[in-house]
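Chain residues, written in single-letter form:
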Amino acid sequence: MEQTPHQHHGQKGSSHVAHNTASDPVSPEVHGGHDKHAGHHTQDFLTRFWVCLVVTVPVLLLSPMIQSWLGYSLRFPGDIYVLLALGAFIYFYGGLPFLKGMISEIRDRAIGMMTLVALAISVAFFYSVAVVFGLRGMDFFWELATLIDIMLLGHWLEMRSQTAASNALQSLVALLPSQVHLVETDGVRDIELIDLHNNDIVLVKPGEKMPADGHVVAGESFVDESMLTGESVPVRKTRGDRVIAGAINGDGALRLHVTGAGADSYLNKVIALVQSAQNAKSATQNLADRVAKWLTFISIIVGVGTFLFWYLQDRNLAFALERLVTVMVTSCPHALGVAIPLVVAISTTRAAISGLLIRNRTAFENARKLTTVIFDKTGTLTKGSHEVQQVLPANESINAESLLQLAASAQQNSEHYIARGMLRALKQQNIALLPSSGFRNEQGAGVEATVAGKKIAVGGPNYFGSRNSPVPAIPSSVDQAAETVSFVLIDGTLAGYITLADSIRETAPDAIRHLKSMGIRSFLLTGDNEQVAASVAQKLHMDGFMANVLPHQKQERLQSLQQKGEIVAMTGDGVNDAPALAQADVGIAVGSGTDVAAETADIILVNSDPQDVVNMIAFGRATYRKMKQNLFWAVGYNLVAIPLAAGVLYPKFMLSPAMGAVLMSLSTIVVAFNAQLLRRQFHPVRHQDLEQE
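The name an unreviewed UniProt entry gives the chain is Heavy metal translocating P-type ATPase, with Flaviaesturariibacter flavus as the organism. On record in UniProt, under Sequence similarities (unreviewed entry), the comment for the chain is "Belongs to the cation transport ATPase (P-type) (TC 3.A.3) family. Type IB subfamily."

Take a look at the structure:
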């Protein structure tokens, strides 16, 4: 019986079938992002920041307020007009992205940070211009310059950390060959993939990828379908067997009758599922933008109210405007502008150093909410390559080392996964590889070769079946549910057994154990059979497993969990995981996996270490806490400073524009320092951490 957290309730309908061929251009949706920044690339913000920063230096030197603070004088005829020209350049050049952003927000009825920044710099600039041309008061050119500099830097940090547009669909299409060997009555002709049609006969040579779904009409080979079905062991294909587009052929040539070309192929249906899941992901609005939206309205209301109040109190226009500008400049989110992006920049950098690549910031922040983590088996919890588990001599005439040496040496000319596993084991044990001759490969049965003057045969049960011989009994120590058995014969006599299995990663048990300590359930999701799935899940003490699950079913299992209120992370490494990675609240790809898994995922584990899933969740929680702290400091400053700027304590205390700018800068420094503390708060979980719990 399949163990699963919730009963499965059916499959999706045909609406998810792809309508574009493999050669069609694809344009997947971007995960999240800020459309208010449309038209302004990340590099553009950085360029504007450096240019404005250079121009800010003479602005500071020429500002009377700075000169009075530092106790020097730099005056010359027309200096105020030079200051005006420099300020105007910074306003129009550096402030252009914010002015455009304000127009976009007003048009979309989504007032936010861009509007507040644009209003603040506009009021400061035009009031300063009025002062230059005779209005009594003090200019705000240096405040304007530093404000634009900091906002450009903050937005550059934010945009740099945002997720790039996903290339998942292009990576999927790349699994298909560009050319196909079409079999015709007069021979074989190469054609473009787009020209392939159903009912065509194609030749697939050893090592090539299947160009379409179909059935084998001639030939025999082992086919690697792990990136498409999750089945870790290459599957033997003979006449009448079905193959899937994108699977990799082994060492035999196959002729296929095409039944699923282009949009009809299984791979294209997977593409459609990925696209559907990505498009269904709503962009989570940034918390800072929501805060800025309310701060914008409060600042505008308080600013206009302040101007009207003081103007109606028979004060002069200059005084009322000064209060208005002070409110707008004081309330402008210097600190809020860097509160989130600075934390993001630090967290993404620190995470990358620890082997976590964050592609989707929103998903990373949401990792703190996870209730369930779904693990793909092959290449995630396991190493994804079959390794030798046991070397069992059949009698005392040979030891384990010699048995492995003869078996591996006999297979040194084979590309089969069993041969590669034995050769790796031989190398790891520093055992010499012996020369061999007379190599002969029997498809689906085994190999024969002469090593050290002895005829060595290495094969499975089919080797004996082809000779009408009984299959030898397998030792009781072999777990036939999880291990593949190879029989080794010397001169026709059984000499021993060598078993291989897709071994569990060393850090997987600790990872599962720590997830339990965090209150997070773990489930195994795999295309392997139930015996293999149960064996792995039980060894790791997971909460359950789901076996024999095809790619579209993986996505459906996640949807079923999400519909019941679970916050789900999916960890995988193959094309078969791509739809589920896109569907998950947090998609996690291991670095050893395929490009499509990485492009579909929100977070990539460079070291392919399950323990990094735990590290990612812990760091996500720490990052979110730091963001909340920064928002508290940034908003808390405004809650105090805005009333003071409006003059609520007048005449006992009146916040000057200069002091308002200082407080604004001080809040930015506090937020920046607090963000830097995040560097000391992330310590990857190691075994000793688990022992201390």
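Student: Sorry, what's going on with the sheet that holds strand β5 (residues 221–224) here?
Tutor: Hydrogen bonds along the backbone pair up the strands of a sheet, which may run parallel or antiparallel. The strand order across the open sheet formed by 3 strands is β6-β5-β8, and the pairing between neighbours is antiparallel. If you trace the sheet from one side to the other, it starts and ends with β6 (235–237) and β8 (248–249), each paired once. In terms of strand pairing, β5 meets β6 through 3 bridges, oriented antiparallel. Paired with Val 223 across the bridge in β6 is Val 235.

Student: Sorry if this is basic, but what is going on with helix α15 (residues 400–410) here?
Tutor: Every α-helical turn comprises 3.6 residues, leaving residues that sit three or four positions apart pointing alike. Counting buried residues along α15, 8 of its 11 residues qualify, which places the element largely inside the surrounding structure. Along α15, the residues that are buried comprise Leu 403, Leu 404, Gln 405, Leu 406, Ala 407, Ala 408, Ser 409 and Ala 410. With a side-chain oxygen lying 3.3 Å from the backbone nitrogen of Glu 401, the N-terminal cap of α15 falls on Asn 399.

Student: Honestly, the UniProt feature "transmembrane region" (unreviewed entry) in the chain in this entry has me stumped. Any pointers?
Tutor: In the numbering used here, UniProt assigns the "transmembrane region" (unreviewed entry) feature to residues 45–66, 78–99, 111–134, 140–157, 291–312, 631–650 and 656–678. As annotated, residues 45–66 has a helix share of 95% and a strand share of 0%, and its two end C-alpha atoms lie 27 Å apart. Within the segment residues 631–650, helix and strand shares are 80% and 0% respectively, and the terminal C-alpha atoms sit 29 Å apart.

Student: When you look at the sheet that holds strand β7 (residues 242–243) in this model, what are you seeing that I'm missing?
Tutor: Sheet architecture is open: 6 strands sit in the order β2-β1-β3-β9-β4-β7, paired in antiparallel fashion. Two strands close off the open sheet at either side, each with one partner strand: β2 (187–192) and β7. One ladder, built from 2 bridges, connects strand β4 (residues 213–219) with β7; its direction is antiparallel. Within the sheet, the bridge partner assigned to Gly 214 lies in β7 and is Val 243.

Student: Sorry, what's going on with the nonpolar core here?
Tutor: With 59 residues, the main nonpolar core has Met 616 and Ile 617 as its most contacted residues. The element that contributes the greatest number of residues to this core is helix α23 (residues 611–646), accounting for 13 residues. Excluding its chain neighbours within four sequence positions, the residues that come into contact with Ile 617 are Ala 367, Leu 370, Val 373, Leu 515, Met 518 and Ile 520. If you look at the next biggest cluster of nonpolar residues, it comprises 33 residues, including Cys 52, Val 59, Tyr 91 and Ile 121.

Student: Just to check I follow, could you spell out the side chain of Thr 372 for this structure?
Tutor: Here Thr 372 shows up in strand β11 (residues 372–376). Judged by its relative accessible area of 0%, Thr 372 falls in the buried class. Setting aside residues no more than four positions away along its own chain, Thr 372 makes contact with Ile 520, Arg 521, Phe 523, Glu 566, Ile 567, Val 568 and Ala 569.

Student: Looking at this model, I keep getting lost on the side chain of Gln 583. Mind explaining?
Tutor: Position of Gln 583 among the secondary structure elements: in helix α21 (residues 578–583). Classification of Gln 583 by relative accessible area gives buried; the value is 15%. Engagement of the side chain of Gln 583 in a polar contact is seen with the side chain of Gln 555, the distance being 3.5 Å. Of the polar contacts made by the side chain of Gln 583, one reaches the side chain of Gln 562; its length is 2.8 Å.

Reading the values: the criteria
Residues numbered from 1 in each chain as written. Predicted model: local features only at pLDDT ≥ 70, side-chain atom pairs only at ≥ 80, totals over all residues. Heavy atoms only, no water. UniProt positions renumbered as here; feature names shortened; annotations may be inferred. Pairing = 2+ DSSP bridges. Helix = DSSP H or I, 4+ residues; strand = E, 2+ residues; numbered from the N terminus. Buried < 20%, exposed > 50% of the residue type's maximum accessible area, 1.4 Å probe, protein only. Polar contact = N/O pair within 3.5 Å; in protein donor to acceptor, adjacent residues only side chain to side chain. Core = buried A, V, L, I, M, F, W, Y, C linked by side-chain atoms within 4.5 Å. Contact = heavy atoms within 4.5 Å.

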